[in-house]
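Below, each chain spelled out in residue letters.
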Amino acid sequence: MAAIEKLAPEVFKEGSYKKIIVLDLPKSRAFMHLDTVFTNIDYDKFVVYPLIFDILDEFKIYELSQDNNGKLAKKQINMALDKFLEETLGHKVQFIRCGGTDSVASAREQ
């Protein structure tokens, strides 16, 4: 989070970004990097590692924004991930489980 908060002012300085969404993963070796469990592949589709559905309530979602004076604001979001994404993106989203229902294939694809 510290790295994101340090980088955020530079992202906002670019001019076209209004907010930064941060997903804080549970501190587990299986979920070391967000892109191994949750990847945006199209405007409305995300490939997900199926085991994250067992712990979705452990994800912390934050929204970073910047006021007119350049001060960074961080707000924790208390909403289901899919609902938050739909509200933020303005359309329905689809989670595609890597490996389908095969747990061995899911682990291999992750």
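Our subject in this report is the structure included herewith. (Residues numbered from 1 in each chain as written. Predicted model: local features only at pLDDT ≥ 70, side-chain atom pairs only at ≥ 80, totals over all residues. Heavy atoms only, no water.)

What to know about the sheet that holds strand E5 (residues 72–77)
Read across the open sheet, the 3 strands follow the order E1-E4-E5; overall the sheet is antiparallel. Among the strands making up the open sheet, the edge pair consists of strand E1 (20–24) and E5. Between one strand axis and the next, the sheet turns through 25° on average, direction left out of account. Sheet analysis places E1 next to strand E4 (residues 60–66), joined by 5 bridges and oriented antiparallel. Note on E4: the bridge partner recorded for Ile21 is Glu63. Sheet contacts for helix H1 (residues 2–13): E1, E4 and E5; angle to E4, the most-contacted strand, approximately 40°. (Pairing = 2+ DSSP bridges. Helix = DSSP H or I, 4+ residues; strand = E, 2+ residues; numbered from the N terminus. Axes fitted to C-alpha atoms, helices over the stretch in contact; angles between N-to-C directions. Contact = heavy atoms within 4.5 Å.)

Notes on the packing of aromatic side chains
The relation between two aromatic rings is expressed through the spacing of the ring centres and the mutual angle of the planes. Applying the stated rule across the entire model yields 3 aromatic pairs. Measuring from ring centre to ring centre gives 5.9 Å for Phe38 and Phe95, while their planes differ by 75°; the resulting arrangement is edge-to-face. Here Phe38 is found in strand E2 (residues 38–42), whereas its partner Phe95 is found in strand E6 (residues 94–97), with 57 residues between them in sequence. A residue is classified by how much of its surface remains accessible, and Phe95, at 22% relative accessible area, is partly exposed. Aromatic side chains Phe46 and Phe95 sit 6.1 Å apart centroid to centroid with 80° between the ring planes, which places their arrangement in the edge-to-face category. In this pair, Phe46 is assigned in strand E3 (residues 45–48) and Phe95 in strand E6, connecting sequence segments 49 residues apart. Look at Phe46 and you get buried, because its relative accessible area is 5%. A connected cluster of aromatic rings, assembled from ring pairs, spans Phe38, Phe46 and Phe95. Lying over the aromatic face of Tyr62, Lys74 brings its terminal NZ or CZ to 5.2 Å of the ring centre. (Phe/Tyr/Trp six-rings, centres within 6.5 Å; stacked < 30°, edge-to-face > 60°. Buried < 20%, exposed > 50% of the residue type's maximum accessible area, 1.4 Å probe, protein only. Lys NZ or Arg CZ within 6 Å of the ring centre and 35° of its normal.)

What about the sheet that holds E6?
In spatial order, the strands read E2-E3-E6; together these 3 strands make up an open sheet with mixed pairing. Each of the sheet's edge strands pairs with one partner strand only, and the pair in question is E2 and E6. The mean inter-strand angle of the sheet, taken between neighbouring strand axes irrespective of direction, is 30°. The pairing of E3 with E6 spans 4 bridges and is parallel. What sits directly across from Val48, in E6, is Arg97.

Regarding the side chain of Asp44
With respect to the helices and strands, the residue Asp44 is situated in the loop between E2 and E3. Polar side-chain contacts of Asp44 include one of 3.0 Å to the side chain of Lys45. Setting aside anything within four residues of it in sequence, one finds Asp44 in contact with His91, Lys92, Val93 and Gln94. (Polar contact = N/O pair within 3.5 Å; in protein donor to acceptor, adjacent residues only side chain to side chain.)

What about the nonpolar core?
Of all hydrophobic cores here, the largest spans 17 residues; its most connected members are Phe38 and Ile52. Elements with a minimum of two residues in this core: E3 and helix H2 (81–89). Within the second largest apolar cluster, 6 residues are counted, among which are Ala8, Ile20, Val22 and Leu64. (Core = buried A, V, L, I, M, F, W, Y, C linked by side-chain atoms within 4.5 Å.)

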